[in-house]
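# Close look at the chain arrangement
These are the residues of each chain, in order.
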Amino acid sequence: MAIVARPIVWVRSAHAEGPVYDPLTDELLWVDIPRGEVNVAQFGAGFDVVGSYEVGDVVGAVVPRRDPADGWVVASRHGFSALDRSGVVSAIAEPEHSADRMNDGKCDPFGGFWAGSTGPEGTASLYRLAPDGSCRRALAGVTISNGLAWRDPEHVYYVDTPTRRVDLLTVTPDGAVTDRRPAFAVPAAAGFPDGLTIDADGRLWVALWGGGAVACFAPDGTVLATVEVDAAQVSCCTFAGPDLATLVITTSQESYTAGRSAAEPWSGHLFVADVGARGLPPYRFG
């Protein structure tokens, strides 16, 4: 089954990533990594942008806090920072100084924030920020830490993009990884696996960087559906809206020349698609 996503035309990012929908506030959030921006749109108002926060450095991901009034937590260049609704940024933990920067991340069922870094081959890591502000390295020796989605409290799907795999990690509530095994491989012709999300039926929706699509995989790796996106560099996706039935997709124009950016005018935009599935509400930090 092939589905065509449609672009949202009011914003174009350099490198949009990490979309997350907060059902408590009806807010859709995403980051623009190199611009250091956290963008907030009101879903029910036609994706009307209601805020754009400058973090002051690159930002890889954003997650909601348990109390929406407290704002959010972001994966900043060297680790994790709090971002309140007035725009004030406060560092929480900065464990990463060997890789280039922090990248994609999500919260677990116990209120911890998992996010990884990206750097030269084997120099990056995956970390967990606990609700009390302590931080531990969960995995070392990765390269481009990307998608995360919890199958259940003890198992999380995980992407280290250059491996071209989706792995399944067995984890403890405090962030120890006790097992890592391949769940399935993504064919090279499809592109590189990037961000991902899981739906209420346990299917994985994986953004395909360089592939211009999001693919829906069964847990055994069978491709169930493909969402075509009019942008080559598809970075992540999430389910949004009061019924969590709209797939929101982020894309990028990272490393594009001015000519290529003009030739691919939808790169960097957000896209939406009706895919006949419902997502799950995000876990929150704290």
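Preceding block: the structure.
Residues numbered from 1 in each chain as written. Predicted model: local features only at pLDDT ≥ 70, side-chain atom pairs only at ≥ 80, totals over all residues. Heavy atoms only, no water.

### Some points on the sheet that holds strand 7 (residues 59–64)
Ordered in space as 7-8-9-10, the four strands form an open sheet in which the pairing is antiparallel. Every interior strand has two partners, whereas the edge strands, strand 7 and strand 10 (89–93), have only one. Recorded for the sheet is a direction-independent mean angle of 30° between the axes of neighbouring strands. Pairing analysis gives five bridges linking strand 7 to strand 8 (residues 72–76), with the strands arranged antiparallel. (Pairing = 2+ DSSP bridges. Helix = DSSP H or I, 4+ residues; strand = E, 2+ residues; numbered from the N terminus. Axes fitted to C-alpha atoms, helices over the stretch in contact; angles between N-to-C directions.)

### Some points on the environment of R180
For R180, the position within the fold is in strand 18 (residues 177–185). Here the alpha-carbon distance between R180 and C216, two residues 36 residues apart in the chain, equals 22 Å. Residues in contact with R180, not counting those within four places in the same chain, are L139, V142, Y158, D160, R165, D167, L168 and L169. Polar contacts involving the side chain of R180 include one to the side chain of D167, which spans 2.8 Å. (Contact = heavy atoms within 4.5 Å. Polar contact = N/O pair within 3.5 Å; in protein donor to acceptor, adjacent residues only side chain to side chain.)

### Looking at the pairing of strand 6 (residues 48–54)
Pairing of strand 5 (residues 37–42) with strand 6 involves six bridges; the strand directions are antiparallel. Considered in strand 6, the bridge of V38 is made with Y53. Counted along the chain from strand 5 to the antiparallel partner strand 6, the turn is five residues long, and its residue G46 has a positive phi close to 75°.

### Quick word on unusual backbone geometry
At D26, a position not held by glycine, the phi torsion is positive, near 60°. Relative to the assigned elements, D26 resides in the loop between strand 3 (16–22) and strand 4 (27–32). Positive phi values are uncommon outside glycine, yet L244 reaches one of about 50°. With respect to the helices and strands, the residue L244 is situated in the loop between strand 23 (233–240) and strand 24 (246–252). Overall, L244 belongs to the buried group, its relative accessible area being 10%. (Buried < 20%, exposed > 50% of the residue type's maximum accessible area, 1.4 Å probe, protein only.)

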